[in-house]
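# Examination of the molecular architecture
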Amino acid sequence: MTISDRTYYTLKRLHSLTGVVPIGLFLLEHFFTNSLAVHGAAAYNRASEDLASLPYVQLLEIFGIGVPILFHMVLGIVIATTGQANAGRHGYARNWMYLLQRVSGLVLVAYIIYHVWSTRLSAEVLRGDTDLFGLMANQLQHPAVFAFYVLGVLAASYHFGNGLFGFAIHWGIATGATAQRRAARLGLAVFLVLSLVGINSLLSFVGRPLRLFERAPETTAAVAGSRP
Ligand code: HEM
């Protein structure tokens, strides 16, 4: 089947847009919620239960997240496996960044399928078990699963960070060379910050969080002394 240039252009635009809204926004929310694992099982499970009790949550899951991801994923597979190599059009570094964009997208296909199957569609969650911290902690005890999650976090962080750079170019937000350099730096910063936050969440589930940016816990005496 062949499609017109106009339809192809519209699909590419929609592909680009869905990568940021809603998928990118969901990714940020998901990383933030999971980073509550740093505070332990009770805080994490409370936040997960709050999210699960939102009104219309299943409709949101299906139409706000599931359908856009499926659309982006299917079109992404077509682009990643049939697209031109992009050679010669941009600098050397940019070609590598674009290659990694496609490779990280393909890694994410496997990762997202495994992640959704082993969490949202797991027997535990389907029968209403609310100890999601315990579920993740159990799975991440296995070194191979932990390594696969690290790969997934790095792929999602890079794909979204570098994707923001592509988005800024495709939507005419970064047109000149300086603006494009800034967009590339922003993308790199998003990649690094999300990678750190995501890997720290994984470490928290196995009881080894990094305490880099946390205030020292207050002692009982200090807390008691501050009361009127
Ligand atoms: C965590 C989920 C994902 C997020 C947040 C995301 C986000 C993005 C963003 C923001 C872009 C940049 C759009 C642009 O350049 O204008 C993009 C591009 C792309 N995505 Fe995704 N994506 C995700 C999953 C996937 C998956 C599973 C695939 C499957 C292969 C995929 C394949 C692609 C491809 C091939 C491009 C480059 C399109 C091009 O420039 O021609 N993405 N994505």
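Residues numbered from 1 in each chain as written. Predicted model: local features only at pLDDT ≥ 70, side-chain atom pairs only at ≥ 80, totals over all residues.

### Section: the overall build of the protein
Short version of the rule: What counts as a helix is a DSSP run of H or I of at least four residues, what counts as a strand is a run of E of at least two, and both are numbered from the N terminus. The exposure scheme places C-beta atoms from the backbone and then counts, for each residue, the other C-beta atoms within 10 Å of its own, assigning buried at 20 or more, exposed at 12 or fewer, and partly exposed in between. Two residues qualify as a contact pair if the distance between their C-beta atoms, derived from the backbone, is within 7 Å.
If you tally the helices and strands in the protein, you get 10 helices and zero strands. Shown N-terminal to C-terminal, the secondary structure of the protein runs as helices and strands in the order α-α-α-α-α-α-α-α-α-α. Its C-alpha atoms put the protein at 70 × 45 × 35 Å along the principal axes. Buried positions account for 20% of the 228 residues belonging to the protein. Considering only residue pairs separated by 6 or more positions, the protein has 77% of its internal contacts joining residues 24 or more positions apart.

### With respect to the environment of phenylalanine 205
Turning to its location among the elements, phenylalanine 205 is positioned in helix 9 (residues 177-205). Residue phenylalanine 205 is classed as buried on the basis of its C-beta count, with 25 C-beta atoms lying within 10 Å. When the C-alpha positions of phenylalanine 205 and arginine 6 are compared, they lie 47 Å apart, and in sequence the two are 199 residues distant. Sequence-distant contacts of phenylalanine 205, that is, excluding residues within four places in its chain, are made with Ala37, Phe133, Met136, Ala137 and Leu140.

### Re the confidence of the model for the protein
Any residue range with low pLDDT should be treated as having predicted coordinates unsuitable for detailed reading. Stated precisely, the cut-off is as follows: A residue's pLDDT is simply how confident the predictor is in it, with values from 0 to 100.
On average, the protein scores 92 in pLDDT, and the residues at 70 or more come to 90%. Confidence over residues 219-228 falls short of pLDDT 50; this stretch has one contact with residues more than four positions distant or in other chains.

### Details of the site of the ligand
We count it as follows: Contact assignment follows one rule, namely that a residue is near a molecule or strand if its backbone-placed C-beta atom lies within 6 Å of it. The nonpolar class holds Ala, Val, Leu, Ile, Met, Phe, Trp, Tyr, Cys and Pro. Asp, Glu, Lys and Arg form the charged class, and all remaining residues, Gly among them, are polar.
In the region of the ligand, 28 residues are neighbours, and Gly19, Gly76, Gly105, Gly163 and Gly166 sit closest. Along the lines of polarity and charge, the residues of the shell around the ligand split into 15 nonpolar, 12 polar and one charged.

### Digging into the nonpolar core
Defined as follows: The term nonpolar core means buried Ala, Val, Leu, Ile, Met, Phe, Trp, Tyr and Cys residues held together as one set by C-beta atoms within 7 Å.
Ranked by size, the top nonpolar core spans 18 residues in total, and within it Ala156, Phe160, Leu164, Ala168 and Val190 carry the most contacts. For this core, the elements supplying multiple residues, two or more each, are helix 2 (23-35), helix 8 (143-170) and helix 9. Element by element, the count of residues in this core is highest for helix 8, at 10 residues. Counting six residues, the second largest nonpolar core, distinct from the first, contains Tyr44, Leu132, Phe133 and Met136.

### Things to note about the packing of helix 1 (residues 5-20) against helix 8
Note the cut-off: Angles here are taken between N-to-C directions and fall from 0 to 180 degrees, while the axes themselves are lines fitted to C-alpha atoms, restricted in helices to the stretch in contact. When an angle is under 35 degrees it counts as roughly parallel; over 145 it counts as roughly antiparallel; between 65 and 115 it counts as roughly perpendicular; any other value is oblique. With the far helix as reference, a near helix turned anticlockwise by less than a right angle produces a left-handed crossing, and one turned clockwise produces a right-handed crossing.
Relative orientation of the contacting elements helix 1 and helix 8 amounts to 135°, with a least axis distance of 10 Å. By the criterion of interaxial angle, the relationship of helix 1 to helix 8 is oblique. Here helix 1 runs over helix 8; the crossing is left-handed. Together, Ser16, Gly19 and Val20 of helix 1 and Gly163, Leu164, Phe167 and His170 of helix 8 make up the contact between the two elements. By residue class, the composition of the contact of helix 1 with helix 8 is three nonpolar, four polar and no charged.

### Points about the environment of valine 125
Along the chain, valine 125 turns up in helix 6 (residues 123-126). The exposure class of valine 125 is partly exposed, given the 16 C-beta atoms found within 10 Å. Sequence-wise, valine 125 and leucine 135 are 10 residues apart; in three dimensions their C-alpha atoms are separated by 8.9 Å.

### Regarding the packing of helix 5 (residues 92-118) against helix 8
Their axes nearest at 8 Å, the elements helix 5 and helix 8 cross at an angle of 135°. Here helix 5 is positioned oblique relative to helix 8, judged by the angle of their axes. For the pair helix 5 and helix 8, the sense of crossing is left-handed. Listed contacts from helix 8 to Met97, Leu100, Gln101, Ser104, Gly105, Val107, Leu108, Tyr111 and His115 of helix 5 are Leu151, Gly152, Ala155, Ala156, Tyr158, His159, Asn162, Gly163 and Gly166. A per-class count over the contact of helix 5 with helix 8 returns nine nonpolar, nine polar and no charged.

### Focus: unusual backbone geometry
Peptide bonds are mostly trans, and most non-glycine residues show a negative phi. Omega for the peptide link from valine 21 to proline 22 comes to 10°, which places this bond in the cis form. Among the secondary structure elements, proline 22 is positioned in the loop between helix 1 and helix 2. Residue tyrosine 56 is not a glycine yet carries a positive backbone phi of 60°.

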